[in-house]
Structure formats: structure tokens, C-alpha cells
Amino acid sequence: MESKKTFGEYIRERRKELGMTQKEFAEKLYVTESAVSKWERGMSYPDITLLLDICAALDVTEHELLTASVDTQKRAAERMAEKYQRLTRGFCIFMCIIFGGVLFGFGIAAIASHDLWFLPIAAASVMIAASLTLLPFLLARRPEWEPYKWAVSLGSMVGSVELLILLCCLRSGSMEWFPMVALWVLFGSSLLILPVILPMLPLPVWLRRRKASLCLAADTALLMLAVIANGAALMMAYGYELKAFLRWSCMTVTAVSFGAGFIVLPVFLRQMPLPERLRRCKTSLLIGIQSALLLLMLTAILAQGSGGMEYWPVVMSGVALGLSVLFLPIPLWQLPLPEGVRRHKALAYFSVNTVLLLVLLAITTKDWFFPMSLPIALMGLVLPWGLMGVIRYLPVNGWFRASLCCVWIGLWSWVYPWMMDKALLLNGWPNSTPYRLLLPVDFSRWTDPQTVGWNCFLLSLIGLGILAAVFAVAGTLKRKKRV
């Protein structure tokens, strides 16, 4: 009964606050005046179907009606929201008056100076300021635009800056510089603004997961366009031909792609939905793409100069050899190669690099390749090939392998100069002081530089021999322990 009285008193007090009689209140609810009287005296509750109508008539919420008390927190929040709306509306009106006054002043100045360009340039400047001050508040007043207010505002600011640049170029009559300046401004804005805007935009799910790739792709494309526009403006100013501009553009695109690839490609390869096979070989893909871009860039650079393409085979083979020496082990380790190749990765690595080296020598030495370059190169390759064979394929323990490597290095160092002399002699280039297998050492003489050199060389060979013997003894002891 107490709750009915409380409920009835709340209805009666709220009705009186609104200045309604029981009869007027009953007419709004399409009930009798006596029914309202019973509610207010705590004799009965209204039908549940009338709750929403009672709330509307008394201007209260369902929570306030059911608890028979004022929801102070909600009322305070509503008052704060209403106050914020009034402040926002007042701020927007104030800023519109300020910007309108500025434009009016510039309009008078344009008429007075007989230069009507003042007005559109001033309008573009005001648009830049309004994009960051007025536009966010205007968008916040619309619930559907509120989540995108800063994205739209920043985009509007960039567009206003571009419009200002265009108007200034038209005013000065230098439109050939507009693409260059506009693209550089757009590139700089993209670096700063895109990371902020992309999380706010309603992108598809597959793009939302790849925001970093999208941002880097946009930045790279804008950088390429800005550099090309920069070159076009300079070439137009100095009167270069279209062919020269196209060659320069190709060089620029490949150079920017190669440089940006070190930052962009790792992100792309991580975020792109690659097949399982390729996902396991992301490092190899990165190396392959960057190597191809490097070769394209060098080709474009050589095409720039007159006669530069004559050196193309030498440059390409030299760069290919360098890349192979440095990076070939990674694809050999990652790629799904046949079983026979996987078991002999070291042999494959040495074979590829040997072929590339011989191709480079054939291109650079030409007529001297078969009589002299090839024999000397093959004699030089005996050392690494022999070491690879000992380390990879000899069926003995590590100590014996180390011993044989020392022996192989010593023998090669001793015999190789003699074979070099013979190859040079066969090609008509005799050595004034021919190398002899019996070394001209004299440990009693340490003042003559040449004798000192031979003495040190022999001591080095003896040191390798001692080291080989030590390793061999260690290998023997290890074998005995196993037995």
C-alpha cells in the first residue's frame, strides 16, 4: 500500500508541476477522471499498457515512473548535452561571423586595389582555417557524420591547401609548377594524415586489416608522382626532349621503388594473403623482388647516358654475381627444391656462383678469356671447391676435416703462384722473377725485403702443417675414445 501511495503522490506532483488538472490528464490518456483519482490516492495502479502514454504525458522516463523518483543523473546528463549543443551552436555562429567578416574585408580590399584575385585566395585561406576550427563542430552536430568528423576535416584542410596553391599559381601565371608543388604537399600530408584518417574510415574488412600496407602504398605512389612531376617541371623549364623525360621517369620510378621496397615490401609480404608455399618463403620473395628492382634501376641509369648500354652486360653480370654470393643461401634454404638439390645445397651454391663468375670474366676479358682468364680462374677456384668438398662430403670427423683443410690451403698457396706463372708464360707474358716450387728462403738474412717475404711465406706453410698435425692427432684421439 505504501508503494501505491508513493506512486500516486509522484503522479500527482508531476501533474501539478506541469499545470494539468485530473480531467486534462485523463483526457490525454483516454481514461476516466476517477481512474486518475484512484492512482493518485494510492488505491490502484494504472494498466501496464498505459505506461508509455503516462511517461509521454508527464514528460518522464520509464525508470522515473517505475521508481517514482527523478533520475537526477540522466537529467544532469541531458542538461549538460543541451548546454554543449548551445555552446557548439554559439561557437559555430561566432566563427561564421568571424570568417564572414574576414572575407568581407578582403572583398573590399580586392575592389579597392582592382585585383579580384585577393578574394578567392582569401577564401581558400579561410577554408583552411575553417576546416580545423569550424567544420569539426558542424559535423559533430550530425550523429551520422560525428565518427568521421576529423577524417573529413583533415581531408578538407588538404583540399583547401591544394586549392590555395592552384589559385596562387593562376595568379602568378606559373601553372607549370602547380603539379610539382601540389603533389609534394599531398605527399607530405599523406605521411602525416593518412595514419590518422584510415582508422576512422569505413573500409571493407579485408582493407581494414591491411591499413599499414594501404598507407605505405599510397605514400610510395605519391612520392613517385611528386618526383616525376618535379622532373617534368625542371625539364620543361630547361627545354629537354620528351624522350629524355621518359628515360628519366623510368629511372626515377625504379629508384623510388627499390628504395621504398626496403620499408614497404616487408609490410606487404606480412599482410598480404599469400599461399602457404609463398608464406614460408617471404624472405626469398623480398630478396627476389628487390634484386629485380635493383637490376631494373641500373638498366634505367645506364640508359640515361650516351653509350651507357654498352656496359650493361658487365654491370648486370657483376651485380648478379654479388647478389648471388650474398643472398643465394636464403632461397636455397627456404624454397621447396627437389630432394636431390636440397641434399647438395652447398654444391648448388658453388656451381651457380662459379658459372656467374665465368660469365663475368667472359664478358670483361673477351679475347683473353680462353687462353688466360679461364685457366687462372679455374686454378683460383680449386681452393674454395676443395674446401667445400672436404667440409661437406668427406666421411670423417670434424678434426680430420680441419686438418685436411689446413693441408689443402697450404698446398694451394704453394702451387698456385707457380701455375699462374705458367699460364702467363704460355700467353707471352713471362715473369721477370719466375716463381719456383723450391722456395728461395734464407733464414740467415732478414734485411732484404724479398728474402723476408719468402721466409715468412715458408713459416706460414710450416705453421699450417703443424696445425694440420695437431688437428689430426685430436681426431685420432677422438676416434679412439669412441671405440
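Residues numbered from 1 in each chain as written. Predicted model: local features only at pLDDT ≥ 70, side-chain atom pairs only at ≥ 80, totals over all residues. Heavy atoms only, no water.

1. As for the environment of A423
Then comes step 1: Structurally, A423 can be placed in helix α21 (residues 398-426).
Then comes step 2: Residue class for A423 comes out buried when judged on its relative accessible area of 9%.
Then comes step 3: Taking C-alpha positions, A423 is 52 Å from M224, a pair spaced 199 residues apart along the chain.
Then comes step 4: Dropping the residues within four chain positions of it, A423 is found in contact with I376 and M379. (Helix = DSSP H or I, 4+ residues; strand = E, 2+ residues; numbered from the N terminus. Buried < 20%, exposed > 50% of the residue type's maximum accessible area, 1.4 Å probe, protein only. Contact = heavy atoms within 4.5 Å.)

2. Here we look at the packing of aromatic side chains
Then comes step 1: On inspection of all chains with the given rule, the structure shows 12 aromatic pairs.
Then comes step 2: Measuring from centroid to centroid gives 6.0 Å for W184 and F187, while their planes differ by 75°, and the two rings are edge-to-face. Of this pair, W184 and F187 both sit in helix α10 (residues 178-197), three residues apart, which is roughly one turn of the helix.
Then comes step 3: With a relative accessible area of 34%, W184 lands in the partly exposed category.
Then comes step 4: Classification of F187 by relative accessible area gives buried; the value is 14%.
Then comes step 5: Ring geometry for W412 versus Y416: centroids 4.6 Å apart, planes at 15°, classification stacked. Placement of the pair is W412 and Y416 together in helix α21, with a separation of four residues, close to one helical turn. Considered together, W412 and Y416 belong to a single accessibility category, that of buried residues. (Phe/Tyr/Trp six-rings, centres within 6.5 Å; stacked < 30°, edge-to-face > 60°.)

3. Some details on the state of the cysteines
Then comes step 1: Going through the model one piece at a time under the given rule, you end up with zero disulfides.
Then comes step 2: Of all cysteine sulfurs, the one in C169 lies closest to C168, which takes part in no disulfide; the gap is 7.1 Å.
Then comes step 3: By relative accessible area, C168 is classed as partly exposed at 36%. (Disulfide = S-S within 2.5 Å.)

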